[in-house]
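Residue-level listing of the chains:
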4 protein chains.
Amino acid sequence: MEPSKQPPGRPRDSRVDDAIRDAVRELVRDVGYAALTVDAVAARARVGKAAIYRRHASRGELVFSALVHGLEPQPLPDTGSLSGDLAALVQLTLGVFSDPVVAAATPGLLADLKQQPDIAARFQETFIAGERVQVADLLERAFVRGELAARADPALVHAAVLGTAFAWVFLLAQPPTPALVPRIAALAVAAARGEGA
Amino acid sequence: MEPSKQPPGRPRDSRVDDAIRDAVRELVRDVGYAALTVDAVAARARVGKAAIYRRHASRGELVFSALVHGLEPQPLPDTGSLSGDLAALVQLTLGVFSDPVVAAATPGLLADLKQQPDIAARFQETFIAGERVQVADLLERAFVRGELAARADPALVHAAVLGTAFAWVFLLAQPPTPALVPRIAALAVAAARGEGA
Amino acid sequence: MEPSKQPPGRPRDSRVDDAIRDAVRELVRDVGYAALTVDAVAARARVGKAAIYRRHASRGELVFSALVHGLEPQPLPDTGSLSGDLAALVQLTLGVFSDPVVAAATPGLLADLKQQPDIAARFQETFIAGERVQVADLLERAFVRGELAARADPALVHAAVLGTAFAWVFLLAQPPTPALVPRIAALAVAAARGEGA
Amino acid sequence: MEPSKQPPGRPRDSRVDDAIRDAVRELVRDVGYAALTVDAVAARARVGKAAIYRRHASRGELVFSALVHGLEPQPLPDTGSLSGDLAALVQLTLGVFSDPVVAAATPGLLADLKQQPDIAARFQETFIAGERVQVADLLERAFVRGELAARADPALVHAAVLGTAFAWVFLLAQPPTPALVPRIAALAVAAARGEGA
DNA sequence: CGGTAATCGAGACGGTACGTCTAGTCTTAAA
DNA sequence: TTTAAGACTAGACGTACCGTCTCGATTACCG
């Protein structure tokens, strides 16, 4: 006997999932995170509120899920050099921050993390952990190549890349120009080498 | 005839300002930014809500004002070396982020900046601009001393220090150990030198 | 195809209507009209404020609706004589004014009528018009019986009964004794006959 | 040594009294009783709120005082007949109710009486008692003239006149035409005679 | 093919905070 | 001590939102 393939009752309509996600992204872009209401999502998605709460535990989780979808860690190219690899990572990070939806939602989402430990955990496991592995891999490759005298701390390099890009966009409120990429990459290389003392 | 020294009517009671500010800080520390309500502030400060809204346009502006107060840029010591100066700046930044009140309020406040351009402007003018001047001064001193071959971009160094510290605490959710200070300072030195290429 | 019998969505819970009405009546009796707050009604009825405002446009309309409910014109007996019929009407009127809920709410409600024309219109159509019909019927019966030489003006008789009872209770602040009934009835008979000149 | 004729300090400015009274009457006429605020009175009278509260205990007492002023019981003429005297009283009563200021304020004031016993007492002593004396005098004259077989109850006649006029204007919301005067007077005569049984 | 069970849109539910407004009191400087 | 001006505490107002619940109407599988 096989296990039943499907729970009883009417199955969920995947078009509803899509409509909710699209509505969230549009609303985040149009009115911002704070002004986004679940009723507005339901109205724009032409969906009942129950259909939303059947899928998401809270407003924060709703936005988080809609944002994370399609943000799966994109594979970094192996450029053959530490600075090239880091430049690619910086490029990627700034690209994410430049997405208008992400830019509008990130600070609000970050604030929610303080209140909702379960979302914070998912954020750490999904986004941060994934990136940390990429950074660790990239540093390991550089060490094997002999570009690094010693193994570097992935966390510091990660913080340098992610944080400097974040500060540039969200704290200093400056536009991320292409010229910024090699400059952040350079300081990340220094962080990897432990230089500057 | 002299100009009248005081507007007509009963002057504002500065003890009310203080009571409001203290109540906000206590509540931010105790219940967090999101759960802070204006009624709770009024109750704890033993103040009418009108007294709060006479001084502050909204809940966000209220918290921002209470938090920014006392956050005036603290003078950085001239340690005589670039790495020393930057270490002092990193130390200060991590210290601010370690303040439980600041730690609890920062993400929420950052989210508010996205929605309220006037607060965002005040944040830029008050906090960011003040720090940028400190960074610029510190870099100028290093250039004069001959530690830097060329004048460095204060914005990048600023973003490196502020952002890496921010990411460490708020994105990677790691505790700021004392050992972190020289490491961030070192990558900031590299950013100032434009090294790492 | 039949027309759908019910509007879409969750239907209103009639127990909520009842709970609101009961809470209003209890509070009017206990604390009076002026001190009645919508929050207190919500709390006592164990109901959200939204449920109240979904049904009633304002505090005034809320109390009016709660009070008018159950005040539908009670049928007057046909006693066979003009003075008997009028005595019954006076009895009824004084009875209504003696109800503690009505007594506590009437002046406040009357004041609201001045400000809110829609409530005033409902008051006229519901309460005044209903009573006026009763008075007109009663006078018509007396005319048919030959007790009246000419048809009397229902408005004057109505004003005489309602007004004298109102003035006794609310303006002169005297208790409505049983002995008052025939005396007011007598002057109403005179008003019907057009006597006294 | 004489007793000091005047309290120490600056004497009150009687123009302030007048300005307050005028402002109250204008506002009652313009916006009604419920929408009349003490701040609005102060602003229109170009007077500080303290000057108002130095003279009046509460908003209700303020309006009451402003309304009662100039409403001192006007002397009734001795027309030589009961029906003539009562017609004069009805005329006066309807005249008062026709004053737009009185018409706008009366129901609200009546509602306040329920809550503020001191104003209710003043209302009884000032207005009701004064009128009752007039009614009693008028009835006594009629008895002496032989128009009444027995002494009549002033309270019932008072209630009949005052209440019927009140009901006509405030409950039935009908305009007080001149033809109404003799009709109310007639039923008041019947009340005095105890007829109608 | 009829029954069971979970879905759907719609919208009412309890609860709670918002920002506004008012009443009545208090505090200035000036008269 | 009065004046005008206006800040003060306290608390109700009506609105908006969250997350839950309840309708009638689908929509799949299971027997």
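As the structure is a prediction and not an experimental result, all values here were calculated from the model. (Residues numbered from 1 in each chain as written. Chains lettered and ligands numbered in written order. Predicted model: local features only at pLDDT ≥ 70, side-chain atom pairs only at ≥ 80, totals over all residues. Heavy atoms only, no water.)

Let's talk about the protein's contact with DNA strand F
So, point 1. Not every one of the 50 residues close to DNA strand F is listed here, only the nearest: Arg54(B), Arg55(B), Arg10(C), Tyr53(C) and Arg54(D).
So, point 2. Counting only atoms of DNA strand F within 4 Å of the protein, the fraction found in sugar and phosphate groups is 71%.
So, point 3. A distance of 3.0 Å separates a phosphate oxygen of DNA strand F from a polar atom in the backbone of Gly48(D).
So, point 4. Secondary structure elements with two or more residues in the surface near DNA strand F: α2 (38-45) and α3 (49-55) of chain A, α3 (49-55) of chain B, α2 (38-45) and α3 (49-55) of chain C together with α3 (49-55) of chain D.
So, point 5. Looking at which element gives the most residues to the surface near DNA strand F, the answer is α3(B), with four residues. (Near = heavy atom within 4 Å. Polar contact = N/O pair within 3.5 Å; in protein donor to acceptor, adjacent residues only side chain to side chain. Helix = DSSP H or I, 4+ residues; strand = E, 2+ residues; numbered from the N terminus.)

Describing the domain arrangement of chain A
Residue and element names in this part refer to chain A.
So, point 1. Each domain of chain A was delimited in the assignment, giving domain 1 (14-62) and domain 2 (82-193).
So, point 2. Inter-centroid distance (C-alpha atoms) of domain 1 to domain 2 is 28 Å.
So, point 3. Contact with domain 1, which involves seven residues of that partner, is made by eleven residues of domain 2.
So, point 4. Of the roughly 790 Å² buried where domain 1 meets domain 2, counting both sides, 62% is carbon and sulfur surface.
So, point 5. Broken down residue by residue, the surface that domain 1 buries against domain 2 is led by Val28, Tyr33 and Glu61, which jointly contribute 55%. (Domains from an automatic or database assignment. Contact = heavy atoms within 4.5 Å. Buried area = accessible area lost by both parts, 1.4 Å probe.)

Here we look at the packing of aromatic side chains
All names here are of chain B.
So, point 1. The final tally for this structure, using the stated rule, is 18 aromatic pairs over all chains.
So, point 2. For the ring pair Phe123 and Phe127, a centre distance of 5.8 Å and an interplane angle of 20° mean the geometry is stacked. Here the residue Phe123 and the residue Phe127 both occupy positions in helix α7 (residues 117-145), the gap between them amounting to four residues, near one helical turn. This pair shows no difference in class: Phe123 is buried, exactly as Phe127 is. (Phe/Tyr/Trp six-rings, centres within 6.5 Å; stacked < 30°, edge-to-face > 60°. Buried < 20%, exposed > 50% of the residue type's maximum accessible area, 1.4 Å probe, protein only.)

Description of the packing of helix α5 (residues 82-98) of chain C against helix α7 (residues 117-145) of chain C
All names here are of chain C.
So, point 1. The contact between α5 and α7 brings their axes to 9 Å, and the two run at 165°. Put simply, α5 runs roughly antiparallel to α7. The handedness of the crossing between α5 and α7 comes out as right-handed. Of the residues in α7, those touching α5 at Leu82, Asp85, Leu86, Leu89 and Thr93 are Glu131, Gln134, Val135, Leu138, Leu139, Arg141, Ala142 and Arg145. (Axes fitted to C-alpha atoms, helices over the stretch in contact; angles between N-to-C directions. Parallel < 35°, antiparallel > 145°, perpendicular 65-115°, else oblique. Left-handed = near helix turned anticlockwise from the far one by under 90°.)

Things to note about the relation of the copies chain D and chain C
The relation between the two chain copies is a rotation about an axis coupled with a shift along that axis.
So, point 1. For the pair chain D and chain C, the relating rotation is 178°, the translation along its axis is 0.0 Å, and the fit reaches an RMSD of 0.4 Å. The superposition of one copy onto the other is thereby described by a two-fold rotation axis. Taking C-alpha positions as the reference, the residue of chain D nearest the rotation axis is Gly163(D), at 2.0 Å.
So, point 2. Most of the interface of chain D is mirrored in chain C, where 100% of its interface residues again form contacts. (Least-squares fit on C-alpha atoms with pLDDT ≥ 70 in both.)

Considerations on the environment of Gly130(C)
Residues and elements named next belong to chain C.
So, point 1. Mapped onto the elements of the fold, Gly130 is located in helix α7.
So, point 2. It is 8.1 Å that separates the C-alpha atoms of Gly130 and Glu72, two residues lying 58 residues apart in sequence.
So, point 3. Not counting residues up to four positions away in its chain, the partners in contact with Gly130 are Pro73 and Glu125.

Side note on the interface of chain A and chain B
So, point 1. Taken together, the contact between chain A and chain B spans 44 residues of the former and 44 residues of the latter.
So, point 2. Interface area for chain A against chain B, summed over the two sides, is near 3,400 Å², with a carbon-plus-sulfur share of 69%.
So, point 3. When residues of chain A are sorted by the area they lose upon contact with chain B, Leu156(A), Leu171(A) and Leu172(A) head the list and together hold 17% of the total.
So, point 4. Linking chain A to chain B there are two salt bridges.
So, point 5. Between Arg183(A) and Asp153(B) there is a salt bridge whose closest N-O contact spans 2.7 Å.
So, point 6. Where chain A touches chain B, the interface holds four residue pairs in polar contact (both at pLDDT 80 or more).
So, point 7. Mapped by element, the contributors of at least two residues to the side of chain A that touches chain B are α6 (100-115), α7 (117-145), α8 (154-171) and α9 (180-193) of chain A.
So, point 8. A breakdown of the residues in the side of chain A that touches chain B according to their chemical character gives 29 nonpolar, nine polar and six charged. (Salt bridge = Lys/Arg side-chain N within 4 Å of Asp/Glu carboxyl O. Nonpolar A, V, L, I, M, F, W, Y, C, P; charged D, E, K, R; others polar.)

Notes on the interface of chain D and chain C
So, point 1. The partner chain C presents 44 residues to the 44 residues of chain D that form the contact.
So, point 2. In total, chain D and chain C occlude about 3,400 Å² of area from one another, counting both sides; carbon and sulfur atoms represent 69% of this.
So, point 3. When the buried surface of chain D facing chain C is broken down by residue, Leu156(D), Leu171(D) and Leu172(D) rank first, second and third, together holding 18% of it.
So, point 4. The tally of links between chain D and chain C comes to two salt bridges.
So, point 5. Along the contact surface separating chain D from chain C lie four residue pairs in polar contact (both at pLDDT 80 or more).
So, point 6. Here the side of chain D that touches chain C takes 13 residues from helix α8 (residues 154-171) of chain D, the largest share from any one element.
So, point 7. Its residues assigned to classes, the side of chain D that touches chain C comprises 29 nonpolar, nine polar and six charged.

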